[in-house]
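Take a look at the letters that make up each chain.
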Amino acid sequence: QVQLVESGGGLVQAGGSLRLSCAASGSVFSIADMGWYRQAPGNQRELVAAISSDGITNYADSVKGRFTISRDNAKNTVYLQMNSLEPEDTAVYYCNLHLWRYDYWGQGTQVTVSS
């Protein structure tokens, strides 16, 4: 069973930065695709950024040029560096591990950007 634990959320002013981390248990991290999703109140959960097992990344248009996803397979951890944050980035951010037909989710971490 895979467990994901996110950290790094918080309150930041517009224009500021945060770095989210997601640590995974188990031994499948290095062969799994990882992603960060977010969900704002009243909205559906949406993909923010993803990184494949071989390091290929993709981003939502709304965060391109501001957010960077990366992974450290030695630490079983995926990161999301968020720069130039905007109030519209306010949401609960979730870490996702996708392997074969399975999806695992973290508990979420709140990011609040004040104007």
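These remarks concern the structure in this document. Everything quoted here is computed from the prediction, not taken from an experiment. (Residues numbered from 1 in each chain as written. Predicted model: local features only at pLDDT ≥ 70, side-chain atom pairs only at ≥ 80, totals over all residues. Heavy atoms only, no water.)

Glancing now at the side chain of Asp 89. Among the secondary structure elements, Asp 89 is positioned in the loop between strand E8 (77–82) and strand E9 (91–99). By relative accessible area, which is 1% here, Asp 89 ends up buried. A distance of 2.8 Å separates a polar side-chain atom of Asp 89 from the backbone nitrogen of Glu 86. With sequence-adjacent residues up to four places away left out, Asp 89 is seen in contact with Arg 38, Arg 66, Phe 67, Ser 84, Val 111 and Val 113. (Helix = DSSP H or I, 4+ residues; strand = E, 2+ residues; numbered from the N terminus. Buried < 20%, exposed > 50% of the residue type's maximum accessible area, 1.4 Å probe, protein only. Polar contact = N/O pair within 3.5 Å; in protein donor to acceptor, adjacent residues only side chain to side chain. Contact = heavy atoms within 4.5 Å.)

The subject of this paragraph is the sheet that holds strand E1 (residues 4–7). Read across the sheet, four strands follow the order E1-E3-E8-E7 without closing on themselves; strand pairing throughout is antiparallel. One side of each edge strand has no neighbouring strand; the edge strands of this open sheet are E1 and strand E7 (67–72). Across the sheet, the mean angle separating the axes of adjacent strands is 15° when strand polarity is ignored. Direction of pairing for strand E3 (residues 18–24) relative to E8: antiparallel, over a ladder of six bridges. Counterpart to Cys 22 in the pairing with E8 is Val 78. (Pairing = 2+ DSSP bridges. Axes fitted to C-alpha atoms, helices over the stretch in contact; angles between N-to-C directions.)

Turning our attention to the pairing of E7. Residue alternation in E7 divides its side chains into a buried set, Phe 67, Ile 69 and Arg 71, and an unburied set, Thr 68, Ser 70 and Asp 72. Note: E7 against E8, six bridges, orientation antiparallel. Looking across to E8, one finds that Thr 68 is bridged to Gln 81. Where E7 folds back onto E8 in an antiparallel hairpin, the turn is made up of four residues, including Asn 76, whose phi is positive at roughly 50°.

With that settled, the discussion passes to unusual backbone geometry. Despite not being glycine, Asn 76 has its phi angle at roughly 50°, a positive value. Tracing the sequence through the fold places Asn 76 in the loop between E7 and E8. Judged by relative accessible area, Asn 76 falls into the buried class, the value being 18%. Notably, Ser 84 is not glycine yet its phi reads approximately 50°, a positive angle. By secondary structure assignment, the location of Ser 84 is in the loop between E8 and E9. Look at Ser 84 and you get partly exposed, because its relative accessible area is 43%.

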